[in-house]
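Breakdown of the fold
Read off the chains here:
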Amino acid sequence: MLSYETILTTCTYCGCGCGILLEVLDGRIIGTLPQKDHTITQGGLCIKGWNVHQFIYDQGRLKRPLVKRDGKFTETTWEEAIEEVATKLNRIKEEYGPDSICGLTSARCTNEENYIFQKWMRAVIGTNNVDHCARL
Amino acid sequence: MTNSIPELEESDCILVTGSNTTEAHPLVASRILRAKQKGATLIVIDPRRTQIARYADIFVRQKLGTDVAWINGLMHIILKEGWENKEFISKRTEGIEELKKELENYPPEKVEEITGISRADLRRIAEAYAKAKNASIIYAMGITQHITGTDNVISLANLAMLTGNIGKASSGVNPLRGQNNVQGACDMGGLPDVYPGYQSVTNETIAKKFEESWNAKLSRKPGLTIMEMFQSIEEGKVKAMYIMGENPMVSDPDLKHVEHTLKKLELLVVQDIFLTETAKLAHIVLPGVSFAEKEGTFTSTDRRVQRVRKAIEPLGEAKADHEIICKIAKRMGNDSFNYDSEEKIFEEMTRLTPIYHGITYERIEKDGIQWPCTNSEDPGTPFLHKDQFSKGKGTFFPIPYREPAEIVDEEFPFWLTTGRIGFQYHSRTMSGVSPSLQKEAKEGYVEMNPFDAIQLGIEEGEKVKVISRRGTIEIKTKLSFNVGRNMVFIPFHYFESAANVLTNTAVDPISKIPEFKVCAVRLEKIEEENP
Amino acid sequence: MLDENIVSAILGLKLSHGHPIPFLFTKSSELGKWVFDESVRYPLTKILIKIAQKYPDQKIGVVVRGCDERSLIELFKNYQLQKDKVIAIGIPCSQDLANRCRCERPFPSEIEDGEFAKPVEDYSDIEEVEKLPEQERFLYWMSQFGKCIKCYGCRNICPACFCPSCTLEDENLIKPGGMPPEIPIFHLHKAYHMADRCIDCGLCEEACPMGIPVRRLYRKVKKAVKDLFGYIPGENEDEKGPLEFLGDGSYELPGTGK
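All of these numbers come straight from a predicted model, not from anything done at the bench.

Looking only at helices and strands, chain A features three helices and seven strands. Its helices and strands in sequence order give chain A the pattern β-β-β-α-β-β-α-β-α-β, from N to C terminus. Expressed along its principal axes, the backbone C-alpha trace of chain A runs to roughly 55 × 35 × 25 Å. Here chain A holds 136 residues, and 66% of them are scored as buried. Contacts in chain A between residues at least 24 apart in sequence constitute 34% of all its contacts with a sequence separation of at least 6.

This paragraph deals with the overall build of chain C. Helices and strands together make up the secondary structure of chain C, namely nine helices and five strands. Reading chain C from its N end, one meets helices and strands in the order β-β-β-α-β-α-β-α-α-α-α-α-α-α. Its C-alpha atoms give chain C a radius of gyration of 19 Å, within 12% of the compact-globule value 18 Å for 258 residues. For chain C, the spread of C-alpha atoms along the three principal axes comes to 60 × 40 × 40 Å. Sequence separation of at least 24 residues holds for 61% of the intrachain contacts in chain C that already meet a minimum separation of 6.

This part takes up the domain arrangement of chain C. All names here are of chain C. As far as domains go, chain C holds domain 1 (9-101) and domain 2 (124-229). Each of domain 1 and domain 2 was reduced to a C-alpha centroid, and the two centroids are 25 Å apart. Counting residues at the interface gives 14 residues for domain 1, matched by 10 residues for domain 2. Looking at the side of domain 1 that touches domain 2, the elements with two or more residues in it are α1 (44-54) and α2 (66-77). Per-element tally for the side of domain 1 that touches domain 2: the top contributor is α2, with six residues.

This part takes up the interface of chain B and chain C. Listed as interface residues are 16 residues of chain B and, on the opposing side, 14 residues of chain C. Among the secondary structure elements, those contributing two or more residues to the side of chain B that touches chain C are α1 (21-24) and α2 (26-37) of chain B. If you tally residues by element for the side of chain B that touches chain C, the top one is α2(B), at five residues. Here the residues of the side of chain B that touches chain C are counted per class, giving five nonpolar, four polar and seven charged.

Residues and elements named next belong to chain C. Packing of helix α7 (residues 185-194) against helix α9 (residues 214-229) leaves a shortest axis separation of 8 Å and a crossing angle of 45°. By the angle class used here, α7 and α9 are oblique. The hand of the α7/α9 crossing is right-handed. Taking contact as the criterion, the partners of His-187, Ala-191 and Met-194 in α7 are, on α9, Leu-217, Tyr-218, Val-221 and Lys-222. Broken down by class, the residue content of the contact of α7 with α9 amounts to five nonpolar, one polar and one charged.

All right, on to the environment of B:Ala499 then. Residues and elements named next belong to chain B. Mapped onto the secondary structure, Ala-499 falls in the loop between β20 (487-491) and β21 (519-525). What makes Ala-499 buried here is the crowd of 28 C-beta atoms within 10 Å. Residues Ala-499 and Arg-402 lie 97 residues apart in sequence; the distance between their C-alpha atoms is 24 Å. Those residues in contact with Ala-499, other than ones at most four positions away along the chain, are Thr-418, Ile-490, Pro-491 and Phe-492.

All right, on to the interface of chain B and chain A then. At the junction of the two partners, chain B supplies 113 residues and chain A supplies 86 residues. Top element by residues in the side of chain B that touches chain A is helix α15 (residues 321-331) of chain B. It accounts for eight residues. Direction of pairing for strand β4 (residues 66-69) of chain A relative to strand β11 (residues 284-287) of chain B: antiparallel, over a ladder of two bridges. Looking at β11(B), one finds that A:Val67 is bridged to B:Ile284.

What follows covers the sheet that holds strand β9 (residues 240-244) of chain B. Taken together, seven strands build an open sheet; the order of strands is β5(A)-β4(A)-β11(B)-β10(B)-β9(B)-β6(A)-β7(A) and the sheet is mixed. Of all strands in the sheet, those bounded by a partner on one side alone are β5 (72-75) and β7 (130-131) of chain A. As paired elements, β9(B) and strand β10 (residues 267-272) of chain B share five bridges and run parallel to each other. Across the sheet, residue B:Ile243 finds its bridge partner in β10(B), namely B:Val270.

Residues C:Leu44, C:Thr45, C:Lys46, C:Ile47, C:Leu48, C:Ile51 and C:Ala52 constitute the buried set of α1(C). Buried residues along α1(C) sit in contact with β1 (4-10) and β2 (19-25) of chain A together with β1 (9-16), β2 (19-25), β4 (60-64) and α2 of chain C.

Residue and element names in this part refer to chain C. Burial in α7 covers these residues: Phe-186, His-187, Lys-190, His-193 and Met-194. The arc that holds the buried residues of α7, viewed along the axis, is 130°, so those residues lie on one side. Against α5 (134-145), α6 (153-156) and α9 lie the buried residues of α7.

Criteria and cut-off values
- Residues numbered from 1 in each chain as written.
- Chains lettered and ligands numbered in written order.
- Predicted model: local features only at pLDDT ≥ 70, side-chain atom pairs only at ≥ 80, totals over all residues.
- Helix = DSSP H or I, 4+ residues; strand = E, 2+ residues; numbered from the N terminus.
- Buried ≥ 20, exposed ≤ 12 C-beta atoms within 10 Å, placed from the backbone.
- Contact = placed C-beta atoms within 7 Å.
- Rg over C-alpha atoms; globule rule 2.2 N^0.38 Å.
- Domains from an automatic or database assignment.
- Nonpolar A, V, L, I, M, F, W, Y, C, P; charged D, E, K, R; others polar.
- Axes fitted to C-alpha atoms, helices over the stretch in contact; angles between N-to-C directions.
- Parallel < 35°, antiparallel > 145°, perpendicular 65-115°, else oblique.
- Left-handed = near helix turned anticlockwise from the far one by under 90°.
- Pairing = 2+ DSSP bridges.
- Arc of directions from axis to C-beta.

Structure representation (structure tokens):
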């Protein structure tokens with residue numbers, strides 16, 4: 001195999017928007033480097049930035065959808081999970097109206113994901129009950 | 001931010017307040033220190049002696065929650081001395097007379113009494129800020145997380161306009177956003193009253209534009225804010241909640257209440273990369289992916305739209321958050337959620353969002369662009385309000401000082417304020433599982449003044465009870481002169497000793513931001529049980 | 001070299017999204033994106049350790065300037081890389097860069113192309129601090145260290161720092177947490193360890209977000225070791241550092257060399 005590359009991207013911790021390089025050895029992230037010629041950071045990072053890769057492979061990462069049955073989580077397939085979420089949301093929407101549903105979008109997610117989330121809440125669910133933790 | 005991070009370096013006076021910049025925004029602090037090295041005057045106004053305060057030419061502590069008073073006090077002095085920028089005021093602002101009237105109520109003696117900042121210091125600060133060529137204000141949650149958060153922000157804007165320190169390079173009012181894409185989440189319409197690009201949901205023309213594009217009937221009624229959502233769940237009006245990548249179980253005020261509330265829901269769906277405290281309460285948990293497993297963009301605190309690139313494939317069966325939402329939307333019977341790529345989503349968004357209109361993936365391939373960027377020729381906007389404010393003239397709003405929602409008394413004699421530390425991040429979902437970070441800051445602590453500790457017979461490292469009207473936590477002490485007398489500080493990151501068990505849910509009436517930065521507590525020794 | 005199988009890969013910089021970033025070239029067809037940029041330096045030899053740990057038997061080429069070559073010598077000496085598995089591809093620095101870096105040896109022993117820049121002997125950065133009266137000098141450094149946000153960037157980027165466990169993270173020596181970290185202990189520990197290891201590349205100072213002149217400090221201690229023992233790190237492969245701070249034999253670490 002033998003492949004090593006660095007991927008130019010943006011740090012996911014605070015709002016400074018630091019340029020980082022994720023070091024990928026044979027398809028696995030092994031480290032982070034500062035982007036030396038980034039407009040904001042000019043090659044500097046804080047301790048969070050230098051270690052931003054460390055949580056990625058944590059064993060606590062969720063890898064399959066979970067459904068709670070009798071107070072306990074059990075793994076399920078995507079098909080079933082999506083089906084269940086959609087059906088339940090449709091039912092609640094019909095029964096109590098769209099404003100009985102609300103959503104928290106995320107300061108952790110990308111712009112694209114935030115756009116899709118609010119579009120879904122507004123256009124599909126039919127409510128403006130969208131907010132996120134910016135206030136917190 | 002009205003300005004760019006690199007621009008700060010050229011400011012000749014920087015006023016930092018309510019921001020522990022070196023710990024929470026290190027790469028902004030880096031520019032502040034460079035400005036200082038180039039001769040800028042650095043002013044830090046904070047209840048805690050933060051790291052950046054060590055480098056301040058003037059450092060003062062205000063009493064918690066008295067920001068409007070000192071800002072009004074500064075403006076009072078500036079007007080008395082004639083240091084205001086008369087040209088800027090007459091050309092670009094309105095409402096100065098009303099402001100002047102209100103400011104008469106803030107003579108230095110009175111402000112000193114309210115804020116604890118001495119008259120002499122107030123004068124020095126007013127002079128340094130007003131007489132600077134390019135002065136910048138930097139603030140963070142220490143200004144906004146108050147019931148007077150909006151008042152504080154408006155007051156800072158008043159101060160900047162009064163001295164003409166806005167609308168030019170290296171000079172403006174710069175809120176620092178706490179999370180990597182808070183700016184983007186707001187820009188994208190992750191708010192109850194606006195579509196992407198801060199376009200009001202109540203504006204008929206705008207709503208029609210979105211209806212046409214999304215091929216759906218849209219509500220003209222502004223939605224609920226996060227605090228209102230919890231209230232409506234309590235009242236039984238909201239039945240289902242969908243949470244994408246947030247952990248209100250650590251980040252919200254009054255946690256016991258949040259847990260109680262979330263448990264009332266008929267349906268709670270949480271989408272996250274970890275089984276967070278919030279996810280544990282969910283009926284269904286869907287696995288999202290980390291930033292390293294997807295393509296997209298983040299918008300940093302200085303409005304810079306930058307690329308996020310995929311380094312590895314998603315772990316297990318996890319999926320990017322937008323993919324999951326698109327699947328649900330389609331399953332709910334909507335067919336306008338088909339996208340080949342993240343770029344296609346971005347293109348749809350920019351078409352509908354004037355401030356992002358000129359940005360494309362191609363244009364930000366190399367470096368980011370700062371919005372507003374309205375067309376393909378527009379290089380973006382390093383600083384805002386150059387020739388005019390978005391609404392034309394800038395309006396001065398007279399702001400009277402109001403006390404915090406909770407003040408200390410005999411039963412709860414200590415002020416509590418909360419904040420971040422540099423080694424942890426928010427609810428620790430990510431930093432808590434990062435060995436290099438966790439090693440530096442394993443557990444929460446309450447920082448208190450050694451003199452107070454002596455009075456209470458408390459020693460360094462001793463576990464104590466911190467009690468507020470809302471709850472009790474047990475936590476280790478850390479003695480430090482960084483906090484003043486009769487005041488304690490607790491980092492809010494730790495679920496095990498969560499500061500937000502104690503904090504007050506009183507919110508700012510406009511921004512709905514809770515008053516995390518001020519509440520009243522008492523400290524108690526934990527009686528050792530006899531062996 | 002790739003085609004002739006002299007090396008199985010070459011570590012250098014590739015132009016990606018308009019920026020030169022580290023990349024391991026394994027096919028000659030990829031070399032079109034090969035780039036050489038004076039203004040952007042990455043610790044390639046340090047990256048090479050990570051690759052060599054996984055592929056100890058592969059022979060890998062690495063692009064080196066004078067400083068990188070000095071770091072290679074240190075890494076060979078300390079068993080982090082095997083000399084016969086590394087092919088150094090030498091490039092000289094421009095005189096301009098040599099001057100900016102105050103570099104005493106701005107070129108590797110062999111260069112593929114270009115001209116050797118003249119060595120620069122300039123200790124004015126150190127002299128400037130040494131001129132100060134003792135009290136002021138102390139305050140100067142304390143004030144510099146006080147800016148530290150404990151990012152460990154100076155260590156992380158250093159092509160001569162390689163220990164699997166670092167004294168800077170030893171709880172018995174330095175208290176965990178703290179912004180700034182315990183001063184001056186944190187920085188003096190680092191400086192002590194750099195004294196007979198620093199190859200004076202200056203990457204540490206470039207990586208410091210707070211503008212602490214750490215290189216100045218390391219140059220000073222390095223100069224002290226040179227004056228006392230006549231030892232210069234990165235010069236001679238057969239000569240070990242006089243401080244032996246890693247203890248007798250303990251630096252035969254789980255690298256690839258031994």
